[in-house]
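# Commentary on secondary and tertiary structure
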There are 2 protein chains.
Amino acid sequence: MEISEKNQSFVYHFGEMGSKWGFNRTVGQMYALLVITDKPITANDLATTLNISRGNVSMGIKELQSWKLVQVTHVPGDRKEYYNAIGSVMDMANIVFEERRKREVDPTLSLLRNLLLDTPETDSEIYAQQRMKDIHDLLEMITNWAAELQKLTPEQLNTLMKLGTGVTKILSVKQALFSKKQTE
Amino acid sequence: MEISEKNQSFVYHFGEMGSKWGFNRTVGQMYALLVITDKPITANDLATTLNISRGNVSMGIKELQSWKLVQVTHVPGDRKEYYNAIGSVMDMANIVFEERRKREVDPTLSLLRNLLLDTPETDSEIYAQQRMKDIHDLLEMITNWAAELQKLTPEQLNTLMKLGTGVTKILSVKQALFSKKQTE
DNA sequence: ATAAAGTTTCAATAATTTCTGAAAGTTTAA
DNA sequence: TTAAACTTTCAGAAATTATTGAAACTTTAT
C-alpha cells in the first residue's frame, strides 16, 4: 500500500506521540494510518506499509480493539480481515478520555477513598490526609464534570465551547437567575 | 525519616501511576512524599526514605523543578537544600495540565497546521486531510477551552463544576436571552 | 588556600517495554 | 479429511528507559 509523504509524516508523528497518549509507537502508527485512510486495511497491508512484523500488527489490533477504536470488516469473497477506525473524531476523543480515566484516575480515586476511611492520629497524619482529601475531591470533581460533558449533544457541546470567555457570562446569568429566584 | 503505612501506600501508588501521568516511578514517589509532608525534606532524606540513590533524587528534583512542582528552601544555619511541593492541589492540577498540553498536544497541533497548509490533490489526500482537519479543530477547541477554564477564579470554577447537567439549562437560558436581544 | 559538606553528572548496568518471527491455532472450501 | 489461507501467541532479541554510584563539581567556613 502506497503512502504519501504528508501522510507518512502524520503517521510517524502519531507514532511518537502515541506513547505519550497511552499506547506504543506501532499502535499509534497503525491507528493514524487507519484514521486517515478511507478504505479498510488488511493486517498484512498494515505490516508492509508500516514496516513492522505481522505479529506486532496482530497485537496492536487487539489493543486498539480493547480501546474500541478499531473495527473488523469483511469483504465478500475475501477471507482476510479488514480493519478501520470507528466513528467521528469526537467519538475517538470521548473514547480516549474515558479509557484514560479508567486507567489513570479511577485506581487513584479508589485508593484515596480507602485511605480516607481511617481517622488520622498524629499531626503529620492529619496533614497527609488533608492533602489526600484535596486530591480526592479534585479528581472526583473532574471525573463528574467530564461525565456531564459527555452527556451533552455535540451541538450543546459546541455552543458551550464556542462561548470562550463567555463562560464567565454564563456564570453571571446563573447568578442573576439565582438571585431572581431568591427575591420572587 | 519515618513514614506511616498509609503514607507508604499512597507514595507507592503515586509511583506506579506516575508513569501514566508523565514522569517515572521514583519521580512520582518523590513528589507524593513531598506533597503529603508538611515540612520541607532534604535530598538525602528522600533517598533514604524511598530507598533510591542520591543521584536519582538529584535528577528527579531537577525534573520536578522543570515542571515547576517543587521548590528549594533553606534552613538558617544549614547548608543542605530542602525541597517542598509548591501551591495548592488546584495549582498542581493546573501546572500538570499545562505541562502536558505543551508536551502532548502542542507538537501535534503545530504539525497539523503545517500539513493543512498544502492543498490536497487526489481523493485519498482529500480524505486524509479532512481527518487531519477534524483532529486539528478538536485539539484547538480543547486547548482554547482549557485556557478559558484556567482563567476562572477557583470560586467561578467551583460554581461551574457544581452546575453539572445544569449547564444545559443555563445554555438554554442563554439561548433565550440571546434571541430576546435579537428581537428587541 | 583548603577541607568539609554538600550537589550534579554521567558511564555502566539493570529493568522494562516493544518487536520479531516461527510455531500453533482457526476457519473455510473442496 | 485435508490443505490452503489466514490469524494469534509467545519466547527470545532488540530497543528504550530508569537507576546506581563513583567522580567531578560547587559552595561555604576557617
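Residues numbered from 1 in each chain as written. Chains lettered and ligands numbered in written order. Predicted model: local features only at pLDDT ≥ 70, side-chain atom pairs only at ≥ 80, totals over all residues. Heavy atoms only, no water.

## Regarding the overall build of chain A
Scanning chain A from N- to C-terminus turns up eight helices and three strands. In chain A, the succession of helices and strands from N to C terminus is α-α-β-α-α-β-β-α-α-α-α. In terms of overall size, chain A is more extended than a compact globule, its C-alpha atoms giving a radius of gyration of 23 Å where 184 residues would be expected to give roughly 16 Å. Each principal axis of the C-alpha atoms in chain A carries an extent, and together these give about 70 × 50 × 30 Å. Of the contacts formed within chain A by residues at least 6 apart in sequence, a portion of 51% connects residues at least 24 apart. (Helix = DSSP H or I, 4+ residues; strand = E, 2+ residues; numbered from the N terminus. Rg over C-alpha atoms; globule rule 2.2 N^0.38 Å. Contact = heavy atoms within 4.5 Å.)

## Here we look at the protein's contact with DNA strand D
Contacts to DNA strand D come from 18 residues, most closely from R54 and R79 of chain A together with T26, S53 and R79 of chain B. Across the atoms of DNA strand D situated within 4 Å of the protein, the share located in sugar and phosphate is 62%. At a separation of 3.1 Å, a phosphate oxygen of DNA strand D approaches a polar side-chain atom of K62 of chain A. When residues of the surface near DNA strand D are traced back to their parent elements, those giving at least two are α4 (54-66) of chain A together with α2 (25-36) and α4 (54-66) of chain B. Top contributing element to the surface near DNA strand D by residue count: α4 of chain A, with five residues. Residue composition of the surface near DNA strand D, grouped by class: three nonpolar, eight polar and seven charged. (Near = heavy atom within 4 Å. Polar contact = N/O pair within 3.5 Å; in protein donor to acceptor, adjacent residues only side chain to side chain. Nonpolar A, V, L, I, M, F, W, Y, C, P; charged D, E, K, R; others polar.)

## Details of helix α5 (residues 89-117) of chain A
With 29 residues, α5 of chain A should cover 42 Å at 1.5 Å per step; its first-to-last C-alpha distance of 41 Å lies within 8% of that length. Taking the largest bend as the criterion, α5 of chain A deviates by roughly 40 degrees, centred on V105 of chain A, and proline P107 of chain A comes between one and four positions later. (Expected span 1.5 Å × (residues − 1). Bend = angle between axes of the 7 residues up to and from the residue.)

## Brief notes about the interface of chain B and chain A
By a widely used convention, the size of an interface equals the accessible area lost when the partners come together. Each partner contributes residues to the interface: chain B has 62 residues there, and chain A has 61 residues. Here chain B packs against chain A, burying approximately 5,600 Å² in sum over the two surfaces, 77% of which is carbon and sulfur. The tally of links from chain B across to chain A stands at four residue pairs in polar contact (both at pLDDT 80 or more). At 15 residues, the largest contribution of residues to the side of chain B that touches chain A is made by helix α6 (residues 123-151) of chain B. Residue classes in the side of chain B that touches chain A are distributed as 34 nonpolar, 15 polar and 13 charged. (Buried area = accessible area lost by both parts, 1.4 Å probe.)

## So, empty space enclosed by the protein
Applying the stated rule across the entire model yields two cavities of 30 Å³ or more. There is about 60 Å³ of room inside the largest cavity. It is α6 of chain B that contributes the most residues to the lining of the largest cavity, four residues altogether. Looking at the lining of the largest cavity residue by residue, the classes come out as four nonpolar, three polar and two charged. A volume near 50 Å³ is recorded for the second largest cavity. Taken together, P120, E125, A128, Q129 and M132 of chain A together with K6 and N7 of chain B make up the lining of the second largest cavity. (1 Å grid on protein atoms, 1.4 Å probe; cavity = no way out; pocket = protein on both sides within 12 Å on 5 of 7 lines; lining within 4 Å. Points joined across faces, edges and corners; volume = space filled by probe spheres on them.)

## Some thoughts on the side chain of E104 of chain B
For E104 of chain B, the location among the structural elements is in helix α5 (residues 89-117). Given the relative accessible area of 9%, E104 of chain B is considered buried. Among residues more than four places away in sequence, those in contact with E104 of chain B are M17, K20, W21 and R100 of chain A. (Buried < 20%, exposed > 50% of the residue type's maximum accessible area, 1.4 Å probe, protein only.)

## Some thoughts on the relation of the copies chain B and chain A
Under the fitted operation, chain B is carried onto chain A by 0.0 Å of movement along the axis and a turn of 180 degrees, and the coordinates agree to an RMSD of 0.2 Å. What the superposition gives is, in effect, a two-fold axis relating one chain to the other. Within chain B, I170 of chain B has its C-alpha nearest the rotation axis, a separation of 3.7 Å. Counting the interface residues of chain B, we find that 98% of their copies in chain A are interface residues as well, pointing to one common contact surface. (Least-squares fit on C-alpha atoms with pLDDT ≥ 70 in both.)

## Describing the environment of V96 of chain B
Residues and elements named next belong to chain B. Among the structural elements, V96 can be located in helix α5. Accessibility expressed as a relative area gives 14% for V96, which makes it buried. Separated by 87 residues in the primary sequence, V96 and S9 place their C-alpha atoms 22 Å from one another. Discounting chain neighbours no more than four positions away, the residues touching V96 are W21, W67 and L69.

## A look at the domain arrangement of chain A
Residues and elements named next belong to chain A. For chain A, the domain assignment lists domain 1 (5-85) and domain 2 (89-163). Computed over C-alpha atoms only, the centres of domain 1 and domain 2 are separated by 31 Å. Contact between domain 1 and domain 2 buries roughly 750 Å² in total, counting both sides, with carbon and sulfur atoms accounting for 62%. Applying the counting criterion to the domain 1 and domain 2 interface returns zero salt bridges. If you look at where domain 1 meets domain 2, you find zero residue pairs in polar contact (both at pLDDT 80 or more). Elements with a minimum of two residues in the side of domain 1 that touches domain 2: α2 (25-36) and α4. Residues belonging to the side of domain 1 that touches domain 2 are distributed by class as follows: five nonpolar, one polar and three charged. (Domains from an automatic or database assignment. Salt bridge = Lys/Arg side-chain N within 4 Å of Asp/Glu carboxyl O.)

## So, the sheet that holds strand β2 (residues 70-74) of chain B
Residue and element names in this part refer to chain B. Strand order in the open sheet made by the three strands is β1-β3-β2, with antiparallel pairing throughout. Every interior strand has two partners, whereas the edge strands, β1 (41-42) and β2, have only one. Across five bridges, the pairing between β2 and strand β3 (residues 81-85) is antiparallel. Each residue of the ladder has a partner; that of V72, found in β3, is Y83. Relative to the sheet, α4 contacts β2 and β3, its axis offset from that of β2 by approximately 115 degrees. (Pairing = 2+ DSSP bridges. Axes fitted to C-alpha atoms, helices over the stretch in contact; angles between N-to-C directions.)

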